[in-house]
Amino acid sequence: MTRLFWTLGCVFAFLAVAAGAFGAHALRSRIAPDLLGVFETGARYQMYHALALLAVAWAVERWPGAGVAGWAFVAGIVLFSGSLYLLALTGVRWLGAITPLGGVAFLAGWALLAWQAWRGGAPGT
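Residues numbered from 1 in each chain as written. Predicted model: local features only at pLDDT ≥ 70, side-chain atom pairs only at ≥ 80, totals over all residues. Heavy atoms only, no water.

A. Region of interest: the overall build of the protein chain. Counting secondary structure elements, the protein chain contains 4 helices and 0 strands. When the helices and strands of the protein chain are placed in sequence order, the string is α-α-α-α. Taking the principal axes of the C-alpha coordinates as reference, the protein chain spans close to 55 × 25 × 15 Å. Taking all 125 residues of the protein chain together, 41% fall into the buried category. Excluding contacts between residues fewer than 6 apart, the proportion of contacts in the protein chain whose partners are at least 24 apart in sequence is 74%. When the accessible surface of the protein chain is totalled, it reaches about 6900 Å², and 73% of it is carbon and sulfur. (Helix = DSSP H or I, 4+ residues; strand = E, 2+ residues; numbered from the N terminus. Buried < 20%, exposed > 50% of the residue type's maximum accessible area, 1.4 Å probe, protein only. Contact = heavy atoms within 4.5 Å. Areas by Shrake-Rupley, 256 points an atom, 1.4 Å probe, with all protein chains shown as cover.)

B. Molecular detail of the packing of aromatic side chains. Here the structure, examined in full by the defined rule, presents 9 aromatic pairs. Summarising the aromatic geometry, the rings of Tyr45 and Tyr48 are spaced 5.4 Å apart at their centres and angled 70° between planes, so their arrangement reads as edge-to-face. With Tyr45 and Tyr48 both in helix 2 (residues 33–62), this residue pair falls 3 residues apart, about one helical turn. Taking the relative accessible area as the measure of exposure, Tyr45 reaches 30% and is therefore partly exposed. (Phe/Tyr/Trp six-rings, centres within 6.5 Å; stacked < 30°, edge-to-face > 60°.)

C. View of the environment of Leu15. Within the secondary structure layout, Leu15 lies in helix 1 (residues 2–27). For the pair Leu15 and Met47, spaced 32 residues apart in sequence, the C-alpha to C-alpha distance is 8.5 Å.

D. Layout of the nonpolar core. Of all hydrophobic cores here, the largest spans 32 residues; its most connected members are Leu53, Val56, Phe73 and Leu113. Those elements giving two or more residues to this core turn out to be helix 1, helix 2, helix 3 (67–90) and helix 4 (99–119). Looking at this core, the element that brings in the most residues is helix 2, giving 12 residues. The contacts of Phe73, once residues within four sequence positions are left out, are His49, Ala52, Leu53, Val56, Phe106, Gly109, Trp110 and Leu113. (Core = buried A, V, L, I, M, F, W, Y, C linked by side-chain atoms within 4.5 Å.)

Fair warning: the whole summary comes from geometry, so function is off the table for now.
Right, dumping it as structure tokens:
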């Protein structure tokens, strides 16, 4: 599971950098400034949580239950950042109703990771 979360973290970080560059260069003159801000928020939170996946990759070696937090981060990236990207690119405002579900997934991921650290310890203890 370590390799999986490490790989997912790297892929999501790569895509966050690509999305940020796309927003800064290709979208700046094509979409309204408020929608560009929405797109940039999606890229920023994707990067934060791609880095969180790298932390999970480390944590699952110590606390195997930390993988649940990783899946919550993946869900959060897809729902939160994905809905913001789609909203910014299409202007379809109802997509914003999906975004809080991703935010809840992010919060759940952090809470689960904290719980694993609190109750964990070294493997076998």
